[in-house]
Amino acid sequence: LVTCYVAFSRLGVAHQAWAAGLGGGETARTRLVAWREGFALLGVIVASVLPTAAGWGVTSAVLAVALAAGLLALRGAPTPPARAEQHAAPGVAVWGVAAFRRLLAVHLLNGTAAAIPATLLVFFVTDRLQTPDQQGLYLAAYFLAAAASLPLWLRLVAWMGGVRAWQLGMGLAVLAFCSAAVLRPGDGAAFLAICIGSGAALGADLALPTALLAGVVQRAGHGGQAEGAFFGWWHAATKLNLALAAALALPLLQALGYTPGTRDAAGLAALSLTYALLPCVLKLMAVALLHGVHR
């Protein structure tokens, strides 16, 4: 697992920095990121479904073919322009850019807000909704809605710009999660609709932030120099979001009196508050902070 995740992190940083190095305007950058994240999401869905649907033999064969196809595609992939001479250490270049620091703070707030419901989903579905047999359906609707929404976010970026489009996506997520706070046992259909709405909002989180970061790197004059350093810290923050979500949500639930498997009204109210409303507060803070990021 350590070897796998170290390799995944290295590949993720290289893949994101590569797209940034290709340059282009905001719409072009967002299109690159949307296609990349859309296919990555498709890979997650396929890898999640195949073992159960077709068995490990078929899954191994499909993954081997996908790996070979990826290596072949890499041979004909576009190459970024030649790297410019580096004048400053990557760490200095990264933390000396105010727009990057602000965008990274937005990313931490928004990412932690998204990770809290992911951390608590099993508890919410099992104890609040009491529909544990529907969890697979909820997740499938969420991820499929995210993939289907990517073309819409591309159009919105061309119309209103990346910053406003991302703020709109976070606003949609807030509306969805506020609705989840009032759900009761058996409200599976309503939660399915919320999963579709919040999945559409996830499409904005997938397509827009790294495209905005690529723009920050270019405007700061570090294009072709330090993309890897910028995206390395960004990747680290992405992983930190999951840790922050668990460190914030789980002790809060315990302090509020919730224990897994409870049917106590106070405990369930605490679960709904933490699952639905705490992410909304963090998302709204991210929306406000995003106003200061240069468009």
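Structural data are supplied above this passage.
Residues numbered from 1 in each chain as written. Predicted model: local features only at pLDDT ≥ 70, side-chain atom pairs only at ≥ 80, totals over all residues. Heavy atoms only, no water.

### What to know about the overall build of the protein chain
Reasoning step 1: When helices and strands are counted, the protein chain shows 10 helices and 0 strands.
Reasoning step 2: Along its sequence from the N terminus, the protein chain presents helices and strands in the succession α-α-α-α-α-α-α-α-α-α.
Reasoning step 3: Relative to a compact globule of 295 residues, whose C-alpha radius of gyration would be 19 Å, the protein chain shows 20 Å and is just as compact.
Reasoning step 4: In terms of overall dimensions, the protein chain has C-alpha extents of about 65 × 50 × 40 Å along its principal axes.
Reasoning step 5: A total of 295 residues make up the protein chain; the buried ones form 43% of that total.
Reasoning step 6: Pairs at least 24 apart in sequence give 82% of the contacts found in the protein chain among residues at least 6 apart. (Helix = DSSP H or I, 4+ residues; strand = E, 2+ residues; numbered from the N terminus. Rg over C-alpha atoms; globule rule 2.2 N^0.38 Å. Buried < 20%, exposed > 50% of the residue type's maximum accessible area, 1.4 Å probe, protein only. Contact = heavy atoms within 4.5 Å.)

### Quick word on the nonpolar core
One broad trend across soluble globular proteins is that nonpolar side chains are buried collectively.
Reasoning step 1: Counting 67 residues, the largest nonpolar core has Phe 100, Trp 166, Phe 191 and Tyr 275 as the members making the most contacts within it.
Reasoning step 2: Per-element accounting of this core gives the leading share, 13 residues, to helix α4 (residues 98–129).
Reasoning step 3: Setting aside residues no more than four positions away along its own chain, Trp 166 makes contact with Leu 103, Val 106, Asn 110, Ala 204, Asp 205, Leu 208, Pro 209, Leu 212 and Leu 290. (Core = buried A, V, L, I, M, F, W, Y, C linked by side-chain atoms within 4.5 Å.)

### Structural notes on helix α7 (residues 188–207)
One turn of an α-helix holds 3.6 residues; hence residues three or four places apart share an orientation.
Reasoning step 1: In this model α7 runs 29 Å from its N-terminal to its C-terminal C-alpha over 20 residues, within 8% of the 28 Å that 1.5 Å per residue would give.
Reasoning step 2: The element α7 is largely enclosed, with a buried count of 14 among its 20 residues. (Expected span 1.5 Å × (residues − 1).)

### Some details on the side chain of Thr 210
Reasoning step 1: Inspection of the secondary structure puts Thr 210 in helix α8 (residues 209–219).
Reasoning step 2: According to the relative accessible area criterion, Thr 210 is buried, its value standing at 8%.
Reasoning step 3: Excluding anything up to four places from it in sequence, Thr 210 contacts Gln 16, Val 33, Arg 36, Phe 231 and Trp 234.

### With respect to the pattern of salt bridges
Reasoning step 1: Within this structure, the stated rule accounts for 3 salt bridges.
Reasoning step 2: The salt bridge partner of Glu 37 is Arg 36, with a shortest N-O separation of 3.1 Å.
Reasoning step 3: For Arg 36, a relative accessible area of 12% translates into the label buried.
Reasoning step 4: Its salt-bridge partner being Asp 205, residue Lys 283 comes within 3.3 Å of it at the nearest N-O pair. Separated by 78 residues along the polypeptide, Lys 283 in helix α10 (residues 265–290) and Asp 205 in helix α7 bring together distant segments of the chain. Pair check on accessibility: Lys 283 and Asp 205 agree, each one buried. (Salt bridge = Lys/Arg side-chain N within 4 Å of Asp/Glu carboxyl O.)

### Looking at unusual backbone geometry
Reasoning step 1: Unusually for a residue other than glycine, Gln 130 sits at a positive phi of about 60°.
Reasoning step 2: Relative to the helices and strands, Gln 130 resides in the loop between α4 and α5 (135–160).
Reasoning step 3: For Gln 130, a relative accessible area of 35% puts it in the partly exposed group.

### A short note on the packing of aromatic side chains
Reasoning step 1: According to the stated counting rule, one finds 11 aromatic pairs in the structure shown.
Reasoning step 2: With 6.0 Å between their ring centres and 65° between their planes, Phe 177 and Tyr 275 make a pair best called edge-to-face. Here Phe 177, found in helix α6 (residues 162–180), pairs with Tyr 275, found in helix α10; they are 98 residues apart in sequence, far enough to count as distant. (Phe/Tyr/Trp six-rings, centres within 6.5 Å; stacked < 30°, edge-to-face > 60°.)

### Some thoughts on the side chain of His 235
Reasoning step 1: Examined against the element boundaries, His 235 turns out to sit in helix α9 (residues 227–255).
Reasoning step 2: Taking relative accessible area as the criterion, His 235 reaches 11% and is therefore assigned buried.

### Some details on the packing of helix α2 (residues 26–75) against α5
Reasoning step 1: Across the interface, α2 lies against α5 with an axial gap of 10 Å and an inter-helix angle of 175°. Relative to α5, α2 is oriented roughly antiparallel. Residues Glu 26, Thr 27, Thr 30, Arg 31, Ala 34, Gly 38, Leu 41 and Ile 45 of α2 pack against Phe 143, Leu 144, Ala 146, Ala 147, Leu 150, Leu 154, Val 157 and Ala 158 of α5. (Axes fitted to C-alpha atoms, helices over the stretch in contact; angles between N-to-C directions. Parallel < 35°, antiparallel > 145°, perpendicular 65-115°, else oblique.)

### Regarding the environment of Gly 188
Reasoning step 1: Structurally, Gly 188 can be placed in helix α7.
Reasoning step 2: A residue is classified by how much of its surface remains accessible, and Gly 188, at 13% relative accessible area, is buried.
Reasoning step 3: Along the sequence, Gly 188 and Gln 130 sit 58 residues apart, while their C-alpha atoms lie 8.6 Å from each other.

Distances and angles like these do not, on their own, reveal function.
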